[in-house]
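Observations on the three-dimensional arrangement
Below, each chain spelled out in residue letters.
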Amino acid sequence: MPLANHHTSVPVLVDEEKCIADKGCTVCIDVCPLDVLWIDETTGKAHMKYDECWYCMPCEADCPTDAVTVNIPYLLR
Amino acid sequence: MNIEDLTIIDTDVLVIGGGTAGPMAAVTVKENNPKLDVILLEKANVKRSGAISMGMDGLNNAIVPGHATPEQYVREITIANDGIVDQPALMAYAQRSFPMIEKLDAWGVHFQKDETGDYDMKKVHHLGTYVLPMPEGHNVKKILYRRLRRHRVKVENRYQATRLLKDTEGNIAGMIGVNTRTGEPIIIRAKAVIMATGAAGRIGLPHSGYLFGTYENPANSGDGHAMAYHAGADLANLECYQVNPLLKDYNGPACAYVTGPLGGFTSNAFGERFIECDYWSGQMMLEFFKELESGKGPVFLKLDHLAEETIQEIETVLHTNERPSRGRFHDGRHTNYRQQMVEMHISEIGFCSGHSASGVWVDETGATTVPGLYGAGDMASVPHNYMLGAFVYGQICGESAAAFASERGEINLDRHLIDQELVRLRAPLERQDGIPPEQMEYKVRRLVNDYLQPPKVTRRMEIGLERILAVREDLKLLKANDAHELMRAMEVHSIVDCAEMAARASLYRTESRWGLYHYRVDHPDTDEQRWFCHSRLYKDDNGNMAHGTRPVAPYIVSLGEEKDAYNQLRVKQAANA
Amino acid sequence: MKQYQDPELQELAERLASDDAGLRRVAVLDLVDCPEPEAVELLIQALNDADPLVRQEAAKVVDEFESAQMADALIAALNDSDEVVRNAAAHALSDLKDPAAAAPLLAALQESRDPFVVAGILRALKPLRDADAREPARARLDHADPRVRREAVAVLGWLKEDANLPMLIERARDDVDPEVRRAAVGALVYADAAAVAEALNGIVTDEHWQVRAEAINSIGKLDHQQGLDLLITASRDTTWQVREKAADAIGKLRRVEGVPALGECCRDPMSNVRKATIGALGAIADEQCRPYIETALDDPDPDVRKLARWAQSRLSAA
Ligand SMILES: Cc1cc2nc3c(=O)[nH]c(=O)nc-3n(C[C@H](O)[C@H](O)[C@H](O)COP(=O)(O)OP(=O)(O)OC[C@H]3O[C@@H](n4cnc5c(N)ncnc54)[C@H](O)[C@@H]3O)c2cc1C
Ligand code: SF4
Ligand code: SF4
């Protein structure tokens, strides 16, 4: 059963200019109940890795630098 | 990997699920007996996990002296639930409800108070006054977290419990689970276990088709229900689904409790009220459903008649608390409460005692039918518990588990169970190719919507059950690429278990009851002769899903005249099928 | 730098001493997870950090700690140059709920001039219900800033002392700010109805509808029987929210004399008013209510109808 790659537009955006993950911050990653935010290996900043979001907003509310924006997932918009 | 390669962690009390009930349970064990070791294990992170991650708009079921009595509450819930309740369990909640509010208040949770500092209760129902708003309630999780730290409860975040363990005598003995970031298994041996894993919120599919757009926090995928079932515990009244009124396409509650006291209401397309039923119940949902499907549909939340000051107040509450992305959703569609009514719909189905009545059977001490295993919150069977009930039963279970653990001696783990589970946990990572969890999940939840959603039709549910069992055969094909996908794969196992339970429980009770929740088109009447009882669902000695009944315990509060008063407030005719 | 026994705490202390403000900031975030009581010391240190971003971060997590241990630091933070810090400190202070915090709060109140800070301290004093807060609160009832006056009213409302009633009445009647007037009239409900009767006369005709609604609500809560005429007048108010509250309050007083006015409200175009009205008729449950209740059985609004059925059952029980 071969697998295909399937692309999806994710609802949560991280402003890499503002993100201080390089200083050791992992707040958004820690608080997400669905564990969908991870450090992007290439940039060292937080990003949404899995499109499995409840748009509940702790990531945005708790980010110390206001780097996170939670949008409504496209299917619901 | 097998059990010899793993360290076994020992604790006195293990709490699974760190949302609402779980932290309260863990703290209570420590308050009762600081010498006991307590581990709180959570799939996400206790700081922001569970239904109340962003706070809550208010208490829906507060029994505050001077506004309502425990007896009155027990009576109303009994009637709203068509008589099928365990009154001693309801009474235990009702009596502890006010002391719990006082405790939370002392801890720093913000409830709405009037200008003299008294609780500012709101009348939403006609017979009693139960709603206590908490517009500044965002800090609930922070406060729980502070208590956990103060009592030095050991918190294990990012572990998914997957199976309960028993000793050779059949008592609870702990749990096995997996780290959701590394895929490493974990085994905990415990003298008592409290489950607080929340609702089974990922059985049905939201109308938007977005798998994670559920009413319930999607981390609550029914793992607790599945684990309890496999451990041999009784589940009760699973056919009494949860179906909630929601905004269309947005999983924010319709918030009758927020907007109601301020003059907002649920209306049909003509801006008219249509709901006759007074209490949030299956009866109310049936009316909602009928209006939705009728020529006067769809259904709306109407606020456009309110004053500017009131709308601002509503926006502040609804857009900062509980489901704060609501404002963004409305902006995206250019919906303004001042000018437009907001379209509403009904949620997908789920198991949730917080809002309805189904779950793992517990008595008034929080005990399940497995010795040493307790259950609290949305996953346990005490009806209409909501947030305050989760706290109260968290407390009750904490007390019971502390007592049980203190008495318990050596534990002999049943190794066979552990080996079996380790195999199940490794399989999705070891496969070279197979079905991604997302695809299988979508399929089974789509089947649930097509075949199990009420109105329920016997033949349709039978076909649904067949199709769900076919997906069960596919579970061995699940393929995970990483630890995260392994968590999703294990969740699919739970979802399939819950879907099968939903189908079988619904087929078992051959009557209609609880309004829309168990509305069987081909058994439209309520059959008090045969079905005035709880239904049981459990795993029998051969490993099959079996059913039975449990008599309704004698009432400790008689319904008396209020039954008639309540019926006056209900629908003129019963479900007119 | 102080040395800590606990390795986690020691590590945090080192990070908090770093030259890089970014690293210090992230260390503050991690402080929250530390169960050691001494973590509070490090938090206080962070509250005094040179970098405003570090102070802000510390201020945001103050409510994760047992604030009683840090009352002084929080009070100091009320004077921080950064508004985020001041705001967080004020919030955390109001969560103190520790009687022992009253003395330092009162001392700080004496020193403070900034209205934001003064309001914050008063808000923190309110739930403590400490009698020593009486005079300072009274003294600020005519403060220039309405936020301060509002909090001063709240302190006195929570104290529930008869002696403060004249001052609260004055605020409810004469304050220029409607929110202060509303809060003050809401606070009168701890009184004996007779003591505030005269004052309520004037307030129920306040120009602002929310003040009128609150005054009516207070009449109902006080069971102020002499207020019936005021309620009857209010049941014809131009704002429906006021008519709704008036109908509800007439029901609370259970006065048959109110029935004709309620009869008019039964024809109100706004269904919320009709709903409150039928509820009131059911509460009064006198024969005179019957024709209105019976008509309401056919109201287009189901909430009105079901209340009418309930009211009818009250009539037959009476
Ligand atoms: C959107 C919404 C609005 C609501 N509004 C109100 C309201 O206004 N008033 C009110 O009184 N009630 C309200 N409720 C209901 C109330 O919030 C719940 O009844 C209550 O919080 C349930 O508590 P719980 O502890 O059972 O579940 P939760 O708080 O959801 O906690 C369950 C926890 O278990 C964890 N978990 C799940 N599976 C596993 C596993 N396998 N291993 C480890 N951990 C696991 C989850 O991550 C979660 O943290 C609302 C609920 C929702 C969803
Ligand atoms: S919380 Fe904000 S700063 Fe921290 S890692 Fe996430 S995006 Fe970056
Ligand atoms: S909105 Fe919620 S689910 Fe989505 S990324 Fe943020 S914390 Fe996670």
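Because the structure is a prediction, the values reported are computed rather than measured.

In this section: the overall build of chain C. When helices and strands are counted, chain C shows 20 helices and 0 strands. Relative to the 2.2 N^0.38 estimate, which gives 20 Å for 318 residues, the radius of gyration of chain C is 26 Å and therefore markedly larger than a compact globule would have. The C-alpha extent of chain C, read off along each of the three principal axes, is 80 × 40 × 30 Å. In chain C, the share of contacts with a sequence separation of at least 24, taken over all contacts with a separation of at least 6, comes to 60%. Total accessible area on chain C stands at roughly 12,900 Å², and carbon and sulfur atoms take up 49% of it. Distance between charge centroids for chain C: 8 Å, based on 39 positive and 58 negative side chains.

Residues and elements named next belong to chain B. If you check the shell around ligand 1, you find 37 residues, and the closest are Thr20, Glu42, Gly58, Asp223 and Asp378. Between Glu42 and ligand 1, the recorded distance is 2.5 Å, taken from a side-chain N or O atom to an oxygen atom. At 2.8 Å from a nitrogen atom of ligand 1 is found a side-chain nitrogen or oxygen belonging to Asp223. Burial of ligand 1 by the protein chains amounts to 98% of its free accessible area of 1,000 Å². Those elements that provide at least two residues to the shell around ligand 1 are β6 (159-166) and α10 (386-407). Per-class residue counts for the shell around ligand 1 are 15 nonpolar, 14 polar and 8 charged. When residues of the shell around ligand 1 are assigned to domains, at least three map to each of domain 1 (3-241 + 350-412) and domain 2 (245-346).

With 46 residues of chain C at the contact, the number on the chain B side is 39 residues. The largest contributions to the chain C side of the interface with chain B come from Glu64, Lys306 and Arg309 of chain C, which together make up 18% of the buried area. Inspection of the region where chain C meets chain B yields 10 salt bridges. The salt bridge involving Lys160 of chain C is made with Asp118 of chain B; its shortest N-O contact spans 3.0 Å. The interface formed by chain C and chain B holds 21 residue pairs in polar contact (both at pLDDT 80 or more) in total. At the level of elements, α10 (146-159), α12 (178-187), α14 (209-222), α16 (240-253), α18 (271-284) and α20 (302-317) of chain C are the ones that each hand at least two residues to the side of chain C that touches chain B.

Time to look at the sheet that holds strand β17 (residues 533-539) of chain B. All names here are of chain B. As summarised here, the arrangement of the 4 strands in space is β15-β9-β17-β18, forming an open sheet in which the pairing is antiparallel. Lying at the two open borders of the sheet, with one neighbouring strand each, are β15 (359-360) and β18 (545-551). As defined by bridge partners, strand β9 (residues 235-236) adjoins β15 across 2 bridges and the pair is classed as antiparallel. For Ala236, the partnering residue across the bridge sits in β15 and is Gly359. Along the sheet, helix α5 (residues 223-230) makes contact with β9, β15, β17 and β18, crossing β17 at roughly 75 degrees. Contacts between helix α14 (residues 483-508) and the sheet are confined to β9, β17 and β18, with β18 contributing the most and set at about 55 degrees to the helix.

The next point concerns the site of ligand 3. Around ligand 3, the structure places 15 residues, and the nearest of them are Cys32, Cys53, Trp54, Cys56 and Cys59 of chain A. Grouping the amino acids of the shell around ligand 3 by side-chain chemistry returns 15 nonpolar, no polar and no charged.

This brings us to the domain arrangement of chain B. All names here are of chain B. Looking at chain B, the domain boundaries give domain 1 (3-241 + 350-412), domain 2 (245-346) and domain 3 (416-530). Relative to domain 3, the C-alpha centre of domain 1 lies at a distance of 23 Å. Residue-level contacts link 49 residues of domain 1 with 41 residues of domain 3. Between domain 1 and domain 3, the buried area comes to about 3,700 Å², and carbon and sulfur atoms account for 63% of it. When the buried surface of domain 1 facing domain 3 is broken down by residue, Arg202, Glu239 and Tyr241 rank first, second and third, together holding 20% of it. Taken together, domain 1 and domain 3 are joined by 4 salt bridges. Among the salt bridges present, the one from Arg509 reaches Glu239, with a minimum N-O distance of 2.7 Å. Listing elements by their share of the side of domain 1 that touches domain 3, those giving two or more residues are β6, β7 (172-179), β8 (185-195) and α5. Considering only residue class, the side of domain 1 that touches domain 3 consists of 22 nonpolar, 19 polar and 8 charged.

This next bit is on the packing of aromatic side chains. According to the stated counting rule, one finds 10 aromatic pairs over all chains in the structure shown. Where Tyr55 of chain A meets Tyr250 of chain B, the ring centres are 5.8 Å apart and the plane angle is 45 degrees; that geometry is what we call tilted. You can see Tyr55 of chain A sitting in the loop between β3 (46-48) and α2 (58-62) and its partner Tyr250 of chain B sitting in strand β11 (residues 250-253), one on each of two chains. A relative accessible area of 1% means that Tyr250 of chain B is categorised as buried. Centroid distance Phe98 of chain B to Tyr119 of chain B: 6.0 Å. Interplanar angle 85 degrees. Geometry classified as edge-to-face. Of this pair, Phe98 of chain B sits in helix α3 (residues 87-107) while Tyr119 of chain B sits in the loop between α3 and β4 (132-133), and the two are 21 residues apart along the sequence. Residue Phe98 of chain B is classed as partly exposed on the basis of its relative accessible area of 21%. Joined through ring pairs, the aromatic side chains of Tyr55 of chain A together with Tyr250 and Phe329 of chain B make up one cluster. Over the aromatic face of Trp38 of chain A sits the side chain of Lys49 of chain A, whose NZ or CZ is 4.4 Å from the ring centroid.

Next up on the list: the interface of chain A and chain B. Between chain A and chain B, the contact holds 33 residues from the first and 40 residues from the second. Note on chain A versus chain B: buried area summed over both sides is about 3,100 Å², and carbon and sulfur give 56% of it. Seen at the junction of chain A and chain B, the total is 5 salt bridges. On the surface where chain A and chain B come into contact, there are 23 residue pairs in polar contact (both at pLDDT 80 or more). Elements with a contribution of two residues or more to the side of chain A that touches chain B: α1 (27-31), α2 and β4 (68-70) of chain A. Element by element, the count of residues in the side of chain A that touches chain B is highest for α2 of chain A, at 4 residues. Considered class by class, the residues forming the side of chain A that touches chain B number 23 nonpolar, 2 polar and 8 charged.

Each assigned domain of chain C is listed with its residue range as follows: domain 1 (1-96) and domain 2 (257-318). Distance between the C-alpha centres of domain 1 of chain C and domain 2 of chain C: 58 Å.

What counts and how
- Residues numbered from 1 in each chain as written.
- Chains lettered and ligands numbered in written order.
- Predicted model: local features only at pLDDT ≥ 70, side-chain atom pairs only at ≥ 80, totals over all residues.
- Heavy atoms only, no water.
- Helix = DSSP H or I, 4+ residues; strand = E, 2+ residues; numbered from the N terminus.
- Rg over C-alpha atoms; globule rule 2.2 N^0.38 Å.
- Contact = heavy atoms within 4.5 Å.
- Areas by Shrake-Rupley, 256 points an atom, 1.4 Å probe, with all protein chains shown as cover.
- Lys, Arg positive; Asp, Glu negative; His and termini not counted.
- Charge placed at Lys NZ, Arg CZ, Asp CG, Glu CD.
- Near = heavy atom within 4 Å.
- Polar contact = N/O pair within 3.5 Å; in protein donor to acceptor, adjacent residues only side chain to side chain.
- Nonpolar A, V, L, I, M, F, W, Y, C, P; charged D, E, K, R; others polar.
- Domains from an automatic or database assignment.
- Buried area = accessible area lost by both parts, 1.4 Å probe.
- Salt bridge = Lys/Arg side-chain N within 4 Å of Asp/Glu carboxyl O.
- Pairing = 2+ DSSP bridges.
- Axes fitted to C-alpha atoms, helices over the stretch in contact; angles between N-to-C directions.
- Phe/Tyr/Trp six-rings, centres within 6.5 Å; stacked < 30°, edge-to-face > 60°.
- Buried < 20%, exposed > 50% of the residue type's maximum accessible area, 1.4 Å probe, protein only.
- Lys NZ or Arg CZ within 6 Å of the ring centre and 35° of its normal.

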